[in-house]
Amino acid sequence: MIIAIVCIAGIGLVAAVSLALADKYLAVKEDPRIGMVTAVLPGANCGGCGFAGCDAYARALVEGTAPNGACAAGGEACAAAVAKILGVEATATERRVALVKCCGTRSESIRLGDYNGICDCATAAATAGGDKGCRFGCLGYGACANVCPKNAISVSDGLAKVDKRLCIGCGKCVKACPKHLIELVPASATIHVLCNNPVRGPEVRKVCGVGCMGCHLCEKNSGGKEAGHFTFDGFLAKVNYDNPPTDPSIVAKCPAKCMAEDPHFETGH
Amino acid sequence: MKTVKSKFKFKGGVHPDYNKELARDGAIERLPLPKELAVSMSQHLGAPARCLVKAGDFVRRGQVIGEKAGFISVCVRSPADGKVKAVEKRVGAAGAMADAVLIDTTASLPEDAPPPPVLAPMDWSSATREELLGRIEEAGICGMGGAGFPTAVKLNPPPGKRCEYLVLNGAECEPYLTADYRVMLERAPRIRLGVEIMRKVLGLPAVRIAIEANKPEAIAAMEAAFADIEGNVEIVVLPVLYPQGSEKHQIYATVGRVVPEPPALPIDVGCVVENVGTVAAIADAVELGEPLLERVTTVSGDAVATPKNVLAPSGTRYADLLEFCGGATERPAKVISGGTMMGFAVSSLDIGTTKTTSGLLFLSRRRVFQYSSQACINCGRCLRACPMNLNPAEISKAMEVDDVKTAEDAHVMDCIECGACSFGCPAYRAITQFCRKAKNSIRARIAAERAAAAAAKASDGAAKKEAK
Ligand code: SF4
Ligand code: SF4
Ligand code: SF4
Ligand code: SF4
């Protein structure tokens, strides 16, 4: 009995000592700053920074392999907090939000037929290019809404819309959209062209009542080509987000009715 | 040469209404050259061809207008003389956008137009294997049955792999389609010549000609054409069962071998499967120097005035095919490119045919069922129907909530998208579409991983160079 007690106690002692030694000499030193940085990141794990999650980004920040300011969700406040911990300058970032560049709702645009397959944009697009008459427009099956970590996208009347207040600019929706019509734009820009169809006006008109015809009136009304507020891709006007237009009066003057002032949908969350 | 019954019956399969009588007895008719052709640069699986012409160019019949881009790719030749009206992105039959060359065939060519290119006729018995393979490649031949795999690639097995069996696919198990059937009836001697050429290229494998039992006339025609052929040649009569025309099931039915999971190919079990139409095209390319510029397409369905088997240049707009068959008797509720089981619904009649357009079906309201999908009732019919031994119910349920991992674990990559599961589902679930969605996301993930690995390797290499 005594032998047993001594043996067990002895084994326990040896193990305890070796554990204590191992802890002292074999410890993997983790930079305490990683934990601190993780704490100031938003914890959304959205992946918008390009890393597997907030933890991975924090590690990269501390190791100095990632730029400070890549976290769209945290924005400037977060970058400043990280800068305080690490002593590195935050790269200036502007908050970016997603914009669905289409305004062809079911009532405004034609559908080529009845699609009753599964509710997924890529799958619908693989079925005869999708049921929408416009080959470039939003199909409205919500693939973007399904991947949004912030529930910022809602689909109504066959069109996806982003709630600007909820969007953290992670870009997941941009990748999910098979029609490539979502773009991350500066949150401060308020005037947008909501169309993605670069073909000639009459062709657009056949399929959509609100498609851009490439008439250049928006450009003219905003100070002409020199002002540089718009660029054109075929017969499609694009806002130059490095120098966005600010005069809201040009919106009503668009004959195609595809311009809008701050179209970001407010869901009232 | 002998005719035998298939000894192997695969598990699963379904019996759709064949509806072949609509077009079966119509001899192949040649379509007069349409005024406009829309030739897609994406003719098959794999990389689309690179377009070589622009608006305003004159093209000659047989001129290469799209060069092959990549290994799994074939060139595209102009099916007619004419002037290029435009090169624009168009939706293809399978839904993806690709460059299409619009050719105005009524334009008169300028005096100094170069003569159309000619491929010299070859004597196959004296030509070398390489010469024959080269010809098949330059003639732009790809599988005409479905996916359109480049034939020259298929006939050139990688080192270490040998073709023991050449399986000729004359099953044509898709409902409505009769194009292959008519080719077997009317062009049997060409098929025989094609087989002899392919045998030479593949190193004299045994030949199995697979035909479903519901086509006795085709069996008789092939028996007559192959009666005096030397070597190990058999006509295998297959039981009537969909998807008998699938490559894997055909190999099982004729030689009893099972092709393992992808990425394994039929050549891994010593087989090469080729569609009968393709074999006839090979004979034309070699003996007559005629590139693959036209094909037989079955135009059928209950909304077509006179269903026909039409020999049309590739790029013929669907609208022209319909007009040639007397137009529609009523407004079609659904238009399908291909057969009803695996074909694609199309949304425009401006799309041009390709080398793989085996059929064009116009179905009336009465033939089209507007279903709405419901929850799975766990009846197990899809499991019984699946010829690949999958659990389609599980896959569809997983994909309903975007659970690609479960679908992958359920071997969704094995799915051949035959549609047998959706066909019998009493809850009208779009199971095959779920499988397709799963396969597409898995493929996209693999491609992204490969790209990331390649990028990492490249930046690694650059870093090492810098260090030096
Ligand atoms: S709307 Fe798009 S960018 Fe914004 S949070 Fe959602 S997925 Fe991310
Ligand atoms: S924006 Fe794109 S992903 Fe979102 S519903 Fe429209 S088509 Fe689908
Ligand atoms: S799961 Fe795939 S292979 Fe099986 S029946 Fe369905 S479509 Fe065919
Ligand atoms: S056939 Fe349809 S309802 Fe029956 S188990 Fe399969 S998916 Fe479920």
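Rules used in this analysis
- Residues numbered from 1 in each chain as written.
- Chains lettered and ligands numbered in written order.
- Predicted model: local features only at pLDDT ≥ 70, side-chain atom pairs only at ≥ 80, totals over all residues.
- Heavy atoms only, no water.
- Helix = DSSP H or I, 4+ residues; strand = E, 2+ residues; numbered from the N terminus.
- Rg over C-alpha atoms; globule rule 2.2 N^0.38 Å.
- Buried < 20%, exposed > 50% of the residue type's maximum accessible area, 1.4 Å probe, protein only.
- Contact = heavy atoms within 4.5 Å.
- Areas by Shrake-Rupley, 256 points an atom, 1.4 Å probe, with all protein chains shown as cover.
- Lys, Arg positive; Asp, Glu negative; His and termini not counted.
- Charge placed at Lys NZ, Arg CZ, Asp CG, Glu CD.
- Expected span 1.5 Å × (residues − 1).
- Polar contact = N/O pair within 3.5 Å; in protein donor to acceptor, adjacent residues only side chain to side chain.
- Disulfide = S-S within 2.5 Å.
- Near = heavy atom within 4 Å.
- Nonpolar A, V, L, I, M, F, W, Y, C, P; charged D, E, K, R; others polar.
- Core = buried A, V, L, I, M, F, W, Y, C linked by side-chain atoms within 4.5 Å.
- Domains from an automatic or database assignment.
- Buried area = accessible area lost by both parts, 1.4 Å probe.
- Salt bridge = Lys/Arg side-chain N within 4 Å of Asp/Glu carboxyl O.
- Pairing = 2+ DSSP bridges.

Draft legend 1. Structural context of the overall build of chain B. Tallying secondary structure elements over chain B gives 14 helices and 18 strands in all. Relative to the globule expectation of 23 Å for 468 residues, the C-alpha radius of gyration of chain B, 23 Å, shows essentially globular dimensions. Judged by the C-alpha coordinates and their principal axes, chain B covers about 70 × 70 × 50 Å. With 468 residues in all, chain B has 54% of them scored as buried. Considering only residue pairs separated by 6 or more positions, chain B has 74% of its internal contacts joining residues 24 or more positions apart. Here chain B has roughly 20,100 Å² of accessible surface; of this, 55% comes from carbon and sulfur atoms. The averaged location of the 54 negative side-chain charges in chain B is 4 Å from the averaged location of its 58 positive side-chain charges.

Draft legend 2. A look at helix α8 (residues 276-288) of chain B. Residue and element names in this part refer to chain B. Here α8 contains 13 residues, and its C-alpha end-to-end distance of 18 Å stays within 8% of the 18 Å for a straight helix at 1.5 Å per residue. Across the 13 residues that make up α8, a large majority, 11, are buried. Listed in full, the buried residues belonging to α8 are V276, G277, T278, V279, A280, A281, I282, A283, D284, A285 and V286. Contacts from the buried residues of α8 go to α2 (129-138), α3 (151-154), β10 (165-170), α4 (179-186), α5 (188-202) and β13 (271-275). Structurally, the start of α8 carries an N-cap: the backbone nitrogen of G277 is 2.7 Å from a side-chain oxygen of N275. Note on α8: the residue one or two positions beyond its end, G289, has a positive phi of about 70°.

Draft legend 3. Quick peek at the side chain of T298(B). Here T298(B) is to be found in strand β14 (residues 294-300). When near neighbours in sequence (up to four residues on either side) are disregarded, T298(B) contacts A23(B), Y176(B), L177(B), T178(B), A179(B), K308(B), N309(B), S358(B), G359(B) and L360(B).

Draft legend 4. Quick look at the state of the cysteines. Inspection of every chain in the model, using the stated rule, returns 0 disulfides over all chains. C142(B) provides the cysteine sulfur closest to C75(B), a residue in no disulfide bond, and the two sulfurs are 9.9 Å apart.

Draft legend 5. Seen up close, the site of ligand 1. Taken together, A98(A), C148(A), P149(A), I153(A), V162(A), C167(A), I168(A), G169(A), C170(A), G171(A), K172(A) and C173(A) are the residues near ligand 1. Looking at the shell around ligand 1 residue by residue, the class counts come to 9 nonpolar, 2 polar and 1 charged.

Draft legend 6. Spatial organisation of the site of ligand 3. Close to ligand 3 lie 14 residues, the nearest being C386(B), C415(B), C418(B), G419(B) and C421(B). Looking at the shell around ligand 3 residue by residue, the class counts come to 11 nonpolar, 2 polar and 1 charged.

Draft legend 7. Looking closely at helix α3 (residues 54-63) of chain A. All names here are of chain A. For α3, the complete set of buried residues consists of C54, Y57, A58, A60, L61 and V62. If you follow the buried residues of α3, they end up packed against α2 (32-40) and α4 (75-86). Positioned one or two residues after α3, G64 has a phi angle of 80°, which is positive.

Draft legend 8. Broad picture of the nonpolar core. Ranked by size, the top nonpolar core spans 50 residues in total, and within it L155(B), I191(B), I209(B), M222(B) and F226(B) carry the most contacts. Of all elements in the fold, only α2, β10, α4, α5, β11 (206-212), α6 (216-226), β12 (233-238) and α8 of chain B reach the threshold of two or more residues within this core. When near neighbours in sequence (up to four residues on either side) are disregarded, L155(B) contacts R129(B), L133(B), I136(B), M198(B), V201(B), L202(B), V272(B) and I282(B). Formed by 45 residues, the second largest nonpolar core is a distinct cluster that contains V100(A), V207(A), C208(A) and C254(A).

Draft legend 9. Broad picture of the domain arrangement of chain B. All names here are of chain B. According to the domain assignment, chain B contains domain 1 (1-33 + 129-370) and domain 2 (372-468). Carbon and sulfur atoms make up 61% of the surface buried where domain 1 meets domain 2, a total of about 1,400 Å² over both sides. There are 0 salt bridges connecting domain 1 and domain 2. For the side of domain 1 that touches domain 2, a count of residues per class yields 10 nonpolar, 6 polar and 3 charged.

Draft legend 10. Seen up close, the pairing of strand β18 (residues 359-363) of chain B. All names here are of chain B. Of all 5 residues making up β18, 5 are buried, and the element is well covered by its neighbours. Residues G359, L361 and L363 line one face of β18 and the alternating positions L360 and F362 line the opposite face, and both faces are buried. Looking at chain direction, β14 and β18 are connected through 3 bridges and run parallel. Bridge pairing links S300 to L361 in β18.

Draft legend 11. Expanded view of the interface of chain A and chain B. Every contact between the two is made by 16 residues of chain A and, on the other side, 14 residues of chain B. A combined buried area of about 1,300 Å² lies between chain A and chain B, and 53% of that area is made up of carbon and sulfur atoms. On the chain A side of the interface with chain B, the three residues burying the most area are N116(A), I118(A) and A128(A), jointly 42% of the side's total. The interface formed by chain A and chain B contains 1 salt bridge. Here D120(A) ties to K437(B) by a salt bridge, and the two come within 3.7 Å at their closest N and O atoms.

Draft legend 12. Geometry of the pairing of strand β2 (residues 153-156) of chain A. In this structure, β2(A) lies alongside strand β3 (residues 159-162) of chain A, joined through 4 bridges in antiparallel fashion. From the neighbouring strand, I153(A) faces β3(A), where its bridge partner is V162(A).

Draft legend 13. Region of the structure containing the sheet that holds strand β2 (residues 29-30) of chain B. The strand order across the open sheet built from 6 strands is β2-β15-β14-β18-β16-β17 (chain B), with neighbouring strands paired in mixed fashion. Edge strands, defined here as strands with exactly one partner in the open sheet, are β2 and β17 (344-345) of chain B.

Draft legend 14. Representation of the domain arrangement of chain A in the model. Residue and element names in this part refer to chain A. What the domain assignment lists for chain A is domain 1 (32-86) and domain 2 (96-261). Of note, the centres of domain 1 and domain 2, computed from C-alpha atoms alone, are 31 Å apart. Counting from both sides, the interface comprises 6 residues of domain 1 and, opposite them, 6 residues of domain 2. For the interface between domain 1 and domain 2, the tally reads 0 salt bridges. Taken together, domain 1 and domain 2 are joined by 0 residue pairs in polar contact (both at pLDDT 80 or more).

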